[in-house]
Amino acid sequence: MDVRQFQKNRQKFPAEKLDQFAGKYVAWSPDATSILAADEDELQLAAAIQKAGHNSAEILIAFVPAEDEVLLGGGLEVSE
């Protein structure tokens with residue numbers, strides 16, 4: 001996977017196409033020109049990608065937030 005090319009293509013991906021996947025995980029093609037599959041469950045999506053014969057080392061799975069959703073990332077809440 002060419003990470004630089006992936007990033008360039010990902011930034012060019014039309015927002016209106018990506019909007020249809022809001023609230024789901026998507027599996028990006030290795031060059032980020034298309035979305036191979038989507039699911040609300042990340043593990044089910046990973047299994048579907050493997051079942052379809054894609055090389056999981058070349059597929060990036062990412063969450064697409066809803067328009068009004070903010071992802072802060074890196075946080076973990078632990079309750080005892």
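Participant: An account of the nonpolar core is requested, with residue identities and associated values reported.
Facilitator: With 9 residues, the main nonpolar core is built from Phe 6, Phe 13, Leu 18, Phe 21, Val 26, Trp 28, Ala 32, Ile 35 and Val 64. If we skip the residues at most four places from it in the chain, Val 26 touches Phe 21, Ile 35, Ala 37, Ala 38, Leu 45, Leu 60, Ile 61, Ala 62 and Val 64.

Participant: Mind laying out a nonpolar patch on the surface, listing which residues take part and the relevant values?
Facilitator: A grouping of Met 1, Val 3 and Leu 60 is seen on the molecular surface, where their side chains present a nonpolar patch of about 260 Å² in accessible area. Following the sequence through the fold, Val 3 ends up in helix α1 (residues 3-12).

Participant: Explain the side chain of Asn 9 to me, using residue names and the numbers behind them.
Facilitator: Residue position: Asn 9 is located in helix α1. Those residues in contact with Asn 9, other than ones at most four positions away along the chain, are Asp 31, Ala 32 and Thr 33.

Participant: Report on the environment of Ala 37, specifying residues and quantitative values.
Facilitator: Structurally, Ala 37 is set in strand β2 (residues 35-39). Each C-alpha atom of the pair Ala 37 and Ala 27 lies 5.4 Å from the other, and the pair is 10 residues apart in sequence. Leave out the neighbours within four places in its chain, and Ala 37 touches Tyr 25, Val 26, Ala 27, Leu 45 and Ile 49.

Participant: Help me get a handle on the side chain of Ser 29, residues and values and all.
Facilitator: By the secondary structure assignment, Ser 29 is in the loop between β1 (24-28) and β2. In this structure the side chain of Ser 29 is engaged in a polar contact, spanning 3.2 Å, whose partner is the backbone nitrogen of Thr 33.

Participant: Any chance you could break down the environment of Glu 42 for me, citing the residues and the numbers?
Facilitator: Note that Glu 42 resides in helix α3 (residues 42-51). Assessed through its relative accessible area of 38%, Glu 42 is described here as partly exposed.

Participant: Describe the sheet that holds β2, naming the residues involved and giving the relevant values.
Facilitator: With antiparallel pairing, 3 strands are arranged side by side in an open sheet as β2-β1-β3. Each of the sheet's edge strands pairs with one partner strand only, and the pair in question is β2 and β3 (60-64). This sheet shows a mean twist of 25° between the axes of neighbouring strands, independent of strand direction. As judged from the 4 bridges shared by β1 and β2, these two strands associate in the antiparallel manner. Its bridge partner being in β2, Val 26 is matched across the sheet by Ala 38.

Participant: Residue-level account of unusual backbone geometry, with values.
Facilitator: For residues besides glycine, phi is generally negative; the peptide bonds are generally trans as well. One non-glycine residue, Ala 32, adopts positive backbone phi at about 60°. Structurally, the position occupied by Ala 32 is in the loop between β1 and β2. Judged by its relative accessible area of 1%, Ala 32 is buried.

Calculation notes
Residues numbered from 1 in each chain as written. Predicted model: local features only at pLDDT ≥ 70, side-chain atom pairs only at ≥ 80, totals over all residues. Heavy atoms only, no water. Core = buried A, V, L, I, M, F, W, Y, C linked by side-chain atoms within 4.5 Å. Buried < 20%, exposed > 50% of the residue type's maximum accessible area, 1.4 Å probe, protein only. Contact = heavy atoms within 4.5 Å. Patch = residues over 30% accessible without salt bridge, like charges linked within 9 Å, V, L, I, M, F, W, Y side chains within 5 Å. Areas by Shrake-Rupley, 256 points an atom, 1.4 Å probe, with all protein chains shown as cover. Salt bridge = Lys/Arg side-chain N within 4 Å of Asp/Glu carboxyl O. Helix = DSSP H or I, 4+ residues; strand = E, 2+ residues; numbered from the N terminus. Polar contact = N/O pair within 3.5 Å; in protein donor to acceptor, adjacent residues only side chain to side chain. Pairing = 2+ DSSP bridges. Axes fitted to C-alpha atoms, helices over the stretch in contact; angles between N-to-C directions.

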